[in-house]
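# Structural characterization, general
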Amino acid sequence: MTIKAQDSVIHLSAPNLPWLEKYRPKVLADVVGNEDIISRLKVIAKQGNMPHMILSGAPGIGKTTAIMALARELLGDSMKDAVLELNASDDRGIDTVRDRIKTFAQKKVTLPANVHKIVILDEADSMTAGAQQALRRIMEMYSNTTRFALACNISSKIIEPIQSRCAILRFTKLSDDEILYRLLSICREENVEYQHEGLQALLFTSDGDMRQAINNLQSTFYGFGFINAENVYKVCDQPHPTIVQDIVKSCLAKDIEKALLLLKNLSSMGYSSIDIIGTFFKVVKNMDDINEALQLELIKEIGFVHMRVLEGLTSFLQLSGLIAKMTRVSMGKDAEKAFTVTIK
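Residue indices begin from 1 for each chain and proceed along its sequence in written order. Predicted model: local features are reported for residues with pLDDT of at least 70 only, side-chain atom pairs are reported and counted for 80 or more only, and whole-chain, interface and lining totals are derived from all residues. The side-chain numbers reported here are obtained from all heavy atoms of the structure, hydrogens and water having been left aside.

### Points about the overall build of the protein chain
- When its secondary structure is counted, the protein chain shows 17 helices and five strands.
- When its C-alpha atoms are laid out on the principal axes, the protein chain stretches across 75 × 50 × 30 Å.
- Buried, partly exposed and exposed residues are distinguished by accessible area as a fraction of the type maximum, computed with a 1.4 Å probe on protein chains only: under 20%, between the cut-offs, and over 50%, respectively. Burial statistics for the protein chain: of 344 residues in total, 47% are counted as buried.
- In the protein chain, the share of contacts with a sequence separation of at least 24, taken over all contacts with a separation of at least 6, comes to 72%.
- The protein chains shown are the only cover counted for residues, whose accessible areas, like all others here, come from Shrake-Rupley with a 1.4 Å probe. If you sum the accessible surface of the protein chain, you get close to 17,600 Å²; carbon and sulfur atoms cover 51% of it.
- Positive charges come from Lys and Arg, negative ones from Asp and Glu, while His and the chain ends are left out of the count. Taken as the charge centre is NZ of Lys, CZ of Arg, CG of Asp or CD of Glu, depending on the residue. Here the protein chain carries 41 positive and 41 negative side-chain charges, and the mean point of each set is 6 Å from the other. Helix and strand assignments come from DSSP, with helices taken as H or I runs of at least 4 residues and strands as E runs of at least 2, each series counted from the N terminus. Whether two residues are in contact is decided by their heavy atoms: any pair within 4.5 Å suffices.

Here's what the structure looks like:
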């Protein structure tokens, strides 16, 4: 195993590893994004005495990577014996907490001063309430020798007694620049040919998720050998944002017939309503050529339809209603007056 300092890229010698694992940061200095949180973890790595922690945030933004890097810097060669990692795929009911976690907490391991054994619970918000209650007691009893790091998507699903015992670190989604930096580094390492539009498509489809961006990059490269926008959208199987942008622009131009025709063509390609709505949101959010008030109104209407689709109303009628509402929003107050008069 070798680590290259250049461009902060971690290169593992195993040739068949997925790029996600091949270029996963091994030290905190190589973790991209959330600089304030990473700087706090660096202080802990330097001084030791790690507190219990809850790391919350969206998937694919570096929570597990950061805590594993911290454990590696704190424990060094002792990491194999002094770290217990349980993932969402493991059974983490009350019996697992009482048996595996408690047994590990009782195990004696020789460590430097101010350094503790670490239990890493990934997707901790999926643990049962009973398991969390049992975990709270273990955290109390063995805090002198063992510290806990709980990674989750929603911290509110962790019971209050555990939250009060932990430092809560809230990770945010990564910016496009941060994801682009890592993608470019991987492209250089793997000799990937790309177009700028292809990288922009990767950023669009990932929506702040580094894991998704790297997986999409590798899938596109292995599938087509070249990274451009068309290939990326084929691999990701998402509605092409250019088509969705044309629909939105037709609504803004009050050409509802064209907008509905484009929407019908898009729907006939087999995309689900939830994928189409999600693309509508991303496109409108990134449209800089419309005023902010109009943009907010469009996003509000998209949000309402998104809510209905999530509740199970996935018909084409909901999408058609969205087109009508977006067109009416673009017509402004005159449309509201006309609508009121018609009803009367």
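Here the narrative resumes, following the displayed structure.
### Examining the side chain of Asp-209
- Checked against the element boundaries, Asp-209 lands in the loop between helix H9 (196-206) and helix H10 (210-224).
- No salt bridge is formed by the buried Asp-209. Its closest oppositely charged neighbour is Arg-211, at 4.9 Å.
- Within the structure, the side chain of Asp-209 is placed 3.0 Å from the backbone nitrogen of Arg-211, a separation counted as a polar contact.
- Residues in contact with Asp-209, not counting those within four places in the same chain, are Pro-59, Gly-60 and Ile-179. The working definition used for a salt bridge is a side-chain nitrogen of Lys or Arg within 4 Å of a carboxyl oxygen of Asp or Glu. We call two N or O atoms a polar contact when they sit within 3.5 Å, provided that within protein one can donate a hydrogen and the other can accept it, with sequence-adjacent residues counted only if both atoms are side-chain atoms.

### What to know about the pattern of salt bridges
- Applying the stated criterion across every chain yields a total of eight salt bridges.
- The salt bridge involving Glu-21 is made with Arg-24; its shortest N-O contact spans 2.8 Å.
- Classification of Glu-21 by relative accessible area gives partly exposed; the value is 31%.
- Glu-230 is the salt-bridge partner of Lys-234, the closest N and O atoms lying 3.4 Å from each other. Residue Lys-234 and its partner Glu-230 are both found in helix H11 (residues 229-236); the two are separated by four residues, about one turn of the helix.

### Observations concerning the packing of aromatic side chains
- Here the aromatic set is Phe, Tyr and Trp, taking the six-membered ring for Trp, and pairing holds for ring centres within 6.5 Å; pairs whose planes are under 30 degrees apart are stacked, those over 60 apart are edge-to-face, and all others are tilted. One pass over the full model with this rule turns up four aromatic pairs.
- Taking the centre distance of 5.7 Å and the plane angle of 35° together, the rings of Trp-19 and Phe-221 count as tilted. A residue pair is termed long-range when its members are at least 10 positions apart, and Trp-19 in helix H1 (residues 19-22) and Phe-221 in helix H10 qualify at 202 residues.
- Judged by relative accessible area, Trp-19 falls into the buried class, the value being 1%.
- Relative to Tyr-222, the ring of Phe-221 has its centre 6.0 Å away and its plane inclined at 45°; by these criteria the two rings are tilted.
- The ring centre of Phe-104 lies 5.4 Å from the NZ or CZ of Lys-117, which sits over that ring.
- The aromatic ring of Phe-204 is capped on one face by Lys-282, whose charged end is 5.5 Å from the ring centroid. When the NZ atom of lysine or the CZ atom of arginine is within 6 Å of a ring's centre and also within 35 degrees of its normal, the charge is said to sit over that ring.

### Here we look at the side chain of Asn-216
- Note on placement: Asn-216 falls in helix H10.
- Taking relative accessible area as the criterion, Asn-216 reaches 7% and is therefore assigned buried.
- A distance of 3.4 Å separates polar atoms of two side chains, one belonging to Asn-216 and the other to Thr-205.
- If we skip the residues at most four places from it in the chain, Asn-216 touches Leu-202, Thr-205 and Cys-236.

### A short note on the confidence of the model for the protein chain
- Confidence of the predictor in every single residue is expressed as pLDDT, which spans 0 to 100. In this model, the protein chain carries an average pLDDT of 86, and 92% of its residues clear a pLDDT of 70 or more.
- Element-level pLDDT for the protein chain is lowest in helix H17 (residues 333-343), with a mean of 49, against a maximum mean of 94 in strand E1 (residues 53-56).
- Segment residues 1-13 is flagged for pLDDT under 50; beyond a separation of four residues in sequence, or across chains, it makes 32 contacts in the model.
- Note on residues 338-344: pLDDT is under 50 here. Beyond four places in sequence and across chains, it has one contact.

### Description of unusual backbone geometry
- Of note in the backbone geometry, Asn-191 takes a positive phi value of approximately 55° without being a glycine.
- Asn-191 gets classed as exposed once you look at its relative accessible area, which sits at 65%.
- Located in the positive-phi region is Asp-207, a residue other than glycine, with phi close to 50°.
- If you trace the backbone, Asp-207 turns up in the loop between H9 and H10.
- On the basis of relative accessibility, which here comes to 27%, the residue Asp-207 falls in the partly exposed class.

### Points about helix H3 (residues 63-75)
- To estimate the expected span of a helix, count its residues, drop one, and scale the result by 1.5 Å. Counted at 1.5 Å a residue, the expected span for H3 with its 13 residues is 18 Å, and the 18 Å between its end C-alpha atoms agrees.
- Along H3, 11 of the 13 residues are buried, which leaves the element largely enclosed by surrounding structure.
- All of the buried residues along H3 are Lys-63, Thr-64, Thr-65, Ala-66, Ile-67, Met-68, Ala-69, Leu-70, Ala-71, Leu-74 and Leu-75.
- In this structure, the buried side of H3 is in contact with helix H2 (35-47), E1, helix H4 (79-82), strand E2 (83-86), strand E3 (117-121) and strand E4 (146-152).
- Looking one or two residues beyond H3, the residue adopting positive phi is Gly-76, at roughly 60°.

### Observations concerning the domain arrangement of the protein chain
- Start and end points for every domain follow an automatic or database-based domain assignment. Split by domain assignment, the protein chain resolves into domain 1 (19-170), domain 2 (176-236) and domain 3 (241-340).
- Using only C-alpha atoms to locate each centre, domain 1 and domain 2 end up separated by 30 Å.
- If you look at the interface, domain 1 gives 12 residues, while domain 2 gives 17 residues.
- Here's the idea: put two parts together, see how much 1.4 Å probe accessible area each one loses, and the total over both is what we call buried area. Together domain 1 and domain 2 conceal approximately 1,300 Å² of surface at their shared face, both sides included; 60% is due to carbon and sulfur atoms.
- For the interface between domain 1 and domain 2, the tally reads one salt bridge.
- For Glu-190, the salt bridge goes to Lys-22, with nearest N and O atoms at 2.8 Å.
- For the pair domain 1 and domain 2, the interface holds five residue pairs in polar contact (both at pLDDT 80 or more).
- Residues that form the side of domain 1 that touches domain 2 fall into these classes: seven nonpolar, three polar and two charged. Throughout this entry, Asp, Glu, Lys and Arg are counted as charged residues, while Ala, Val, Leu, Ile, Met, Phe, Trp, Tyr, Cys and Pro are counted as nonpolar. The remaining residues, Gly among them, count as polar.

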